[in-house]
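Okay, here's what each chain looks like letter by letter:
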Amino acid sequence: MSDQKNKVLSPIPGVFYRKPAPDKEVFIHEGAAVKAGDVIGLVEVMKNFYEIKAESDGVLESFLVNEEDILDAGQEIAVISAR
Amino acid sequence: MSYFNKVLIANRGEIARRIIRTCRRLGIETVAVYSEADAQAPFVSEASEAVCVGPAQAKKSYLDIEKVIQAAKQTKADAIHPGYGFLSENPQFAERCEAENIVFIGPSADVMKIMGSKLEARDHMQRAGVPVVPGSDGQIHSVEEAAAIANQLGYPLMLKASAGGGGIGMQLVQNQEELEKAFHSTIQKAESFFNDGAVFLEKWISDPRHIEVQVAADDFGNVVHLYERECSVQRRNQKVVEESPSPFLDESLREQLLETAIQGAKEIGYTNVGTMEFIFDNNKNFYFLEMNTRLQVEHPVTEEITGIDLVEWQLRIAAGQQLPLGQEQISRTGHAIECRLYAEDPKTFFPSPGTIEQLKLPEEGVRLDFSVTEGSVVSPFYDPMIGKVIVHGASRAQAIEKMKQALAGMEVHGLQTNLALLASIMENRQFEEGDYTTQFLEKAKILS
């Protein structure tokens, strides 16, 4: 059976962060289990922070963007594979 | 005679354009610094020269002290105007300017340091006889100490980080349990964001008004006020509409407030233009909140009622000259209102970056301080404010009427703005009666 893969998209343009604050740990490591609704990153848009949440349960397979990358609206952020 | 030969503007958007206008009128050359995201912005082409200082993210461009200093040296600017936000209240930046023999257009680094610390600012203001919000005398070191002080003051209270700002490092606590829960996390947050874990307690003032006083001071000990600005129409602690005079103050309360602001500015040896912010409780008691050691977004309201160009005063004071007018020579006429146009959803206030595909602006009887023109891209990297609409009328009613007409004559297409919200505020009965507090936008549910 092949794993179903879901991509997490950014609904807004902005700057991507994997950590809640510069000196904090990342929200989630690659390869870790994730539940729908878990925060996996932040996008900063016009001095506001928008939480990026997983939309499905599974394993966060990989991030497709790096810390502080500039995102376009609709850009793919991460891949979650269902278990 | 000119104050400077060439001024570098360490800012962007409408305030950069605003500063360029005055410099141009005075025959002073200007240097714009800009990020890659702002290469096509109007302020870049309007300056005499422009230097790109880095990528879009502010901390790699507008907030990078060394890059800005480098740009000033390279263009041989003899002064730097920091505008508001970004590096404008950063004492290290002011010190770097001084070390490079470049005039920083603002107060001294020492004064900025005092006002950057809420505890130090409280201390100085108390010494000057300026009322501060009842609270703990100085830093609180333990939960036990906090609980004891809280019991004396009475709940609800605000637990505040001394170095906090922009709503970060502030926690409302209703009882001892909440205080105990918030104590260590607030210290931690303050340490991680501001590198300073000092916290203190203040009484929570419910449903306050926010009224501020514009002051100006030169190097010769002259300090004047330029009246107040009423700034209580806010969303998420950000101002939306400002006006002067405040409809809340009678003449004697106004006199008292203005005099108090001057006392505070004198006590700390303030120079250049600055703003003393106060909150008023329901019983018309007022308390010092903080001092903004820079030009304010809403400074045009003051310019409209006094006829004074505040940027020119800043340049003049920074050049070591005396204030051009004494207090008795400063007067105000009529009433001014400013509306801030934000690129955001008018109901949720969520930012809405995009391209201004069409921009229709009123043609006369109104001052427009805008960062954008038709075709401008509003990028996601900076503040959502894209412009300010300012009117002046003989009376408050006339000013509101002018603002209604100005807003009705505006159209912005291509992204969402709060234009409809602004128009609704002007039509709102409570606003019309001048009967509003900082809770106004939340309580009035104007657009829902």
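Not measured: the values here are computed from a predicted model.

### Examining the domain arrangement of chain B
Moving on, step 1. The domain architecture assigned to chain B consists of domain 1 (6-105), domain 2 (134-203) and domain 3 (209-444).
Moving on, step 2. One C-alpha centre belongs to domain 2 of chain B, the other to domain 3 of chain B; they are set 30 Å apart.

### Notes on the sheet that holds strand β8 (residues 76-81) of chain A
Residues and elements named next belong to chain A.
Moving on, step 1. The four strands are arranged β1-β8-β6-β3 in an open sheet whose pairing can be described as antiparallel. Unpaired on one side and paired on the other, β1 (5-9) and β3 (33-34) mark the two borders of the sheet.
Moving on, step 2. Alignment of strand β6 (residues 58-63) against β8, held across four bridges, turns out to be antiparallel. Each residue of the ladder has a partner; that of F63, found in β8, is A78.

### As for the interface of chain B and chain A
Moving on, step 1. Counting from both sides, the interface comprises 18 residues of chain B and, opposite them, 14 residues of chain A.
Moving on, step 2. Inspection of the chain B/chain A interface yields three salt bridges.
Moving on, step 3. Its salt-bridge partner being A:K47, residue B:D383 comes within 2.8 Å of it at the nearest N-O pair.
Moving on, step 4. Along the contact surface separating chain B from chain A lie five residue pairs in polar contact (both at pLDDT 80 or more).
Moving on, step 5. Here the side of chain B that touches chain A is composed, by residue class, of ten nonpolar, four polar and four charged.

### Digging into the packing of helix α7 (residues 143-153) of chain B against helix α8 (residues 176-194) of chain B
Residue and element names in this part refer to chain B.
Moving on, step 1. Between α7 and α8, the least distance of the axes is 10 Å, while the angle of their chain directions is 140°. Our classification of the angle between α7 and α8 gives oblique. Note on packing geometry: the crossing formed by α7 with α8 is right-handed. Note on element contacts: α8 touches α7 through Q176, L179, E180, F183 and H184, opposite V143, A146, A147, A150 and N151.

### Re the pattern of salt bridges
All names here are of chain B.
Moving on, step 1. Counting across every chain of the model gives 46 salt bridges over all chains.
Moving on, step 2. For D309, the salt bridge is made with R18, and the minimal N-O distance between the two is 2.8 Å. Of the two residues, D309 sits in the loop between α10 (299-306) and α11 (310-318) while R18 sits in helix α1 (residues 13-25), which places them 291 residues apart along the sequence. For the pair formed by D309 and R18, the shared burial category is buried.

### Digging into the environment of B:I28
All names here are of chain B.
Moving on, step 1. The residue I28 is located in the loop between α1 and β2 (29-35) in this model.
Moving on, step 2. By relative accessible area, I28 is classed as buried at 4%.
Moving on, step 3. Excluding residues that lie within four positions of it along the chain, I28 makes contacts with S2, F4, N5, K6, V7, C23 and L315.

The rules behind the values
- Residues numbered from 1 in each chain as written.
- Chains lettered and ligands numbered in written order.
- Predicted model: local features only at pLDDT ≥ 70, side-chain atom pairs only at ≥ 80, totals over all residues.
- Heavy atoms only, no water.
- Domains from an automatic or database assignment.
- Pairing = 2+ DSSP bridges.
- Helix = DSSP H or I, 4+ residues; strand = E, 2+ residues; numbered from the N terminus.
- Contact = heavy atoms within 4.5 Å.
- Salt bridge = Lys/Arg side-chain N within 4 Å of Asp/Glu carboxyl O.
- Polar contact = N/O pair within 3.5 Å; in protein donor to acceptor, adjacent residues only side chain to side chain.
- Nonpolar A, V, L, I, M, F, W, Y, C, P; charged D, E, K, R; others polar.
- Axes fitted to C-alpha atoms, helices over the stretch in contact; angles between N-to-C directions.
- Parallel < 35°, antiparallel > 145°, perpendicular 65-115°, else oblique.
- Left-handed = near helix turned anticlockwise from the far one by under 90°.
- Buried < 20%, exposed > 50% of the residue type's maximum accessible area, 1.4 Å probe, protein only.

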